[in-house]
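Coordinate analysis (summary)
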Amino acid sequence: MPVREIATKPFSDQKSGTAGLRKKVAVFQQPHYLENFLQSIFDVETSLRGKTLVMGGDGRYHNRTAIQTAIAMAAANGVAKVIVGQGGILSTPASSHMIRISGAAGGLVFTASHNPAGEDGDFGLKFNIAGGGQASETLTNRIYEASKSISRYRIEENVWVDLDRRGSQKLGDMDIEVVDCVDDYAALMQTLFDFDRIRDWFKKGHSLAFDAMHAVTGPYAQRIFVDLLGAPQKSVMNASPLEDFGGGHPDPNLIYAKPLVDLMYSDHAPDLGGASDGDGDRNMILGRGIFISPGDSLAMLAAHLDKLPGYKKGLAGVARSMPTCRALDMVAKGRGLACYETPTGWKFFANLLDSGRITLCGEESFGTSSNHVREKDGVWAVLAWLNVLAETGLSMQQIADAHWKQYGRHYYARHDYDELPTAVANQVMETLIASLPRLAGQKFGEWTVSQADEFGYEDPVDGSVAKSQGIRIVFGEAARLILRLSGTGTKGATLRLYLERYETAAEKLGYKTGEALAPLAAIADQLIRIGEITGRKAPDVVT
Ligand code: G16
C-alpha cells in the first residue's frame, strides 16, 4: 500500500475540552481537519508505533468515514494492529475495557457524547491511553501544541476496510481485527454482578425500562438485559442505534429522556428506569415515581456496592467531582472511607483508580462508574441498581427513604445557560471572582458563607495541578452554590450553576427539589447576577 505524506496547514482550534475534541460535523469534514488532529496524536504519542490501537465510536453521522481515515493513518504511522468494533461501534466504556484487555497502547473514541448528531450535529474524538483512561490535560495540551505547527500528515492511499465483517484483515503490514462490540463487555459485567439473582428478580415479575435513546447502548441493553437476564423485550426502548439518534438529544436527564420519565411517574411504571447517552457512558436512574439524582445515586451505590459480587472486598475509597453534591461524603464519613474531590472531567479520576485509592466515583453530569474500566459506564450503573434491588428486595423509594433518614438529604439541581456569547459568560465569571474576597462571613437568608473561592486541585498521585476549576460559594455543610463554564459545548459558551442544600430533620426530607432549592436560587440571583448580566430570564435546561 502506498503511503503518502500530505502537506497541510494548522487549524487553530484543536484544543480538547472536558472530554476530547468536539465540533460541528461540518468542522470535522473540512479537508485535512481530522487528519491534522490524528497526526498530532501520532506525533506526540509515539508509543503507538508497533503497538495495538483500539477504535470505535457511538455510531453517529460521520463515524464510519472518520474510522476509515483513522485506520489509513494508523497504518501509515506504524501501528501494528487495530481492533475496531463491528460497524465502527464501541461504547465509550466498552472501548476502555477493550484497551485494557487487549494491552493496547491507546484508543480512539469517536463521539460527541450526548450532543445531538446528524449532518448538522456534532462530532468528536477522544484519545484514550494505555490502561483505558482519557488522556490527561498535560497530554491533550501537547497534542494541541503539535496541532498548531503541523505541516504534513501520513496516510495510506485508497484504503477501504470492511467494518461489517467480523474477523481478521490485513492492511499492508498492519493487522485489523473487527470485533463484536458487546461480547467482552458483557463477559466483564458477569464477573461484577449476580446475574442469577437478577434473572430471578425478573422472573418474580419485577420490571425494567431502559431507554437507549437510539444511541450506542441499544445492542448492549438487548444482549445484557433481554438475552442474558431474561427481561421482556419491551424493557428496552429505542434500541436501534441511528446515525442521527432519531433526531433526539441523547442526554439522559429529566428533559431529554422525558418519555422514560413520564413512564416512571405513570400508573404502570416499572420498578427501575434507566437511560444512557450517545456513547453509553452516562446514566439516569429512576424508581417508580422517584428520580434519583446522580449525586444521590452515587452515594446510595457507595452504601450498597459491597453487597454485590465484584465488590465484596469493600470499597478502597470514593471520589466525586467538585460540583457533584456532597451526599457521597456523608456515606464515606459514616463508613470510614477516603473521599476525594476532583475537578469536572472523568480523566481526573484516572490516577485515583490506577493507584487503588478509589473503587467508585461519579459526577453530577449523570456519570457513575467503578474501577472495572477507566470511563463512566451507563449500562454498568443500571446493572448495579438492578443487582441492589434484587439483593435487598427493596424498592427504589424504600432505599432512598432509608438513605436520607440515615445520612440526610442533599437537594440538588443544575441550571444551564446555553449558547451565551463567550464574552458575556466570561463577564459573569469575572464579576463573581472579583466579589469572592468579601463574601466569607456574609449572611444570606438562613445561611452564612463559610468559603468563597476558585477550586483548584493537586493530584495526590502525580502532583499535577489544575487551577480555576469552578467557583464555589460554600455555606458550611448546609448549602453550596457552584458556577463554572462547560467544556463540552460546540456553540458559544454554556454557564452551569449548581445548587445544593442539605437537610437532616425528618420533616424536611420530603420536599420537592424545586421548592427546596428556591431560596438558594434567589440567593444565587442576588450574588451571581446571571439574569442581570446575560439578559436571560431563566436557565435553558434545569436537571
Ligand atoms: C464529559 C466528561 C465529564 C463531565 C461532562 C460535563 O462527559 O467526561 O467528566 O462531567 O463532560 O462537562 P462540562 O460540564 O464541562 O460540559 P461526556 O459524557 O460528555 O463525555
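Residues numbered from 1 in each chain as written. Predicted model: local features only at pLDDT ≥ 70, side-chain atom pairs only at ≥ 80, totals over all residues. Heavy atoms only, no water.

- Under the annotation held in an unreviewed UniProt entry, the chain carries the name phosphoglucomutase (alpha-D-glucose-1,6-bisphosphate-dependent) and is attributed to Hydrocarboniphaga effusa AP103.
- Here the chain is described in UniProt, under the heading Sequence similarities (unreviewed entry), as follows: "Belongs to the phosphohexose mutase family."
- Per UniProt, the chain carries the Cofactor (unreviewed entry) text "Mg(2+)". (UniProt positions renumbered as here; feature names shortened; annotations may be inferred.)

**Here we look at the packing of aromatic side chains**
- If you walk through the whole model with that rule in mind, you get 15 aromatic pairs.
- Between Trp201 and Phe202, the aromatic rings sit 5.3 Å apart at their centres with planes inclined by 70°, giving edge-to-face as the arrangement. Neither Trp201 nor Phe202 differs from the other in exposure class; each is buried.
- With centroids separated by 6.3 Å and ring planes inclined at 35°, the aromatic side chains of Phe291 and Phe366 adopt a geometry described as tilted. Taken together, the positions of Phe291 in strand 14 (residues 290-292) and Phe366 in the loop between strand 17 (360-363) and strand 18 (367-370) put the pair 75 residues apart, joining distant regions of the chain.
- According to the relative accessible area criterion, Phe291 is buried, its value standing at 18%.
- Through a chain of ring-to-ring contacts, the aromatic side chains of Phe11, Phe28, Tyr33, Phe110 and Phe123 assemble into a single cluster.
- The cationic tip of Arg409 hangs over the ring face of Trp404; the distance from NZ or CZ to the ring centre is 3.8 Å. (Phe/Tyr/Trp six-rings, centres within 6.5 Å; stacked < 30°, edge-to-face > 60°. Buried < 20%, exposed > 50% of the residue type's maximum accessible area, 1.4 Å probe, protein only. Helix = DSSP H or I, 4+ residues; strand = E, 2+ residues; numbered from the N terminus. Lys NZ or Arg CZ within 6 Å of the ring centre and 35° of its normal.)

**Let's talk about the site of the ligand**
- Around the ligand there are 20 residues in total, and Glu363, Arg484, Gly487, Thr488 and Arg496 lie nearest to it.
- Between the ligand and Asp281 there is a distance of 3.5 Å, counted from an oxygen atom to a side-chain nitrogen or oxygen.
- Surface burial for the ligand is 100%, taken as the share of its 470 Å² of free accessible area covered by protein chains.
- Residues that form the shell around the ligand fall into these classes: 2 nonpolar, 10 polar and 8 charged. (Near = heavy atom within 4 Å. Polar contact = N/O pair within 3.5 Å; in protein donor to acceptor, adjacent residues only side chain to side chain. Areas by Shrake-Rupley, 256 points an atom, 1.4 Å probe, with all protein chains shown as cover. Nonpolar A, V, L, I, M, F, W, Y, C, P; charged D, E, K, R; others polar.)

**So, unusual backbone geometry**
- One non-glycine residue, Asn238, adopts positive backbone phi at about 50°.
- You can see Asn238 is positioned in the loop between strand 11 (236-237) and helix 9 (258-264).
- Within the chain, Ser468 stands out as a residue other than glycine whose phi angle is a positive 50°.

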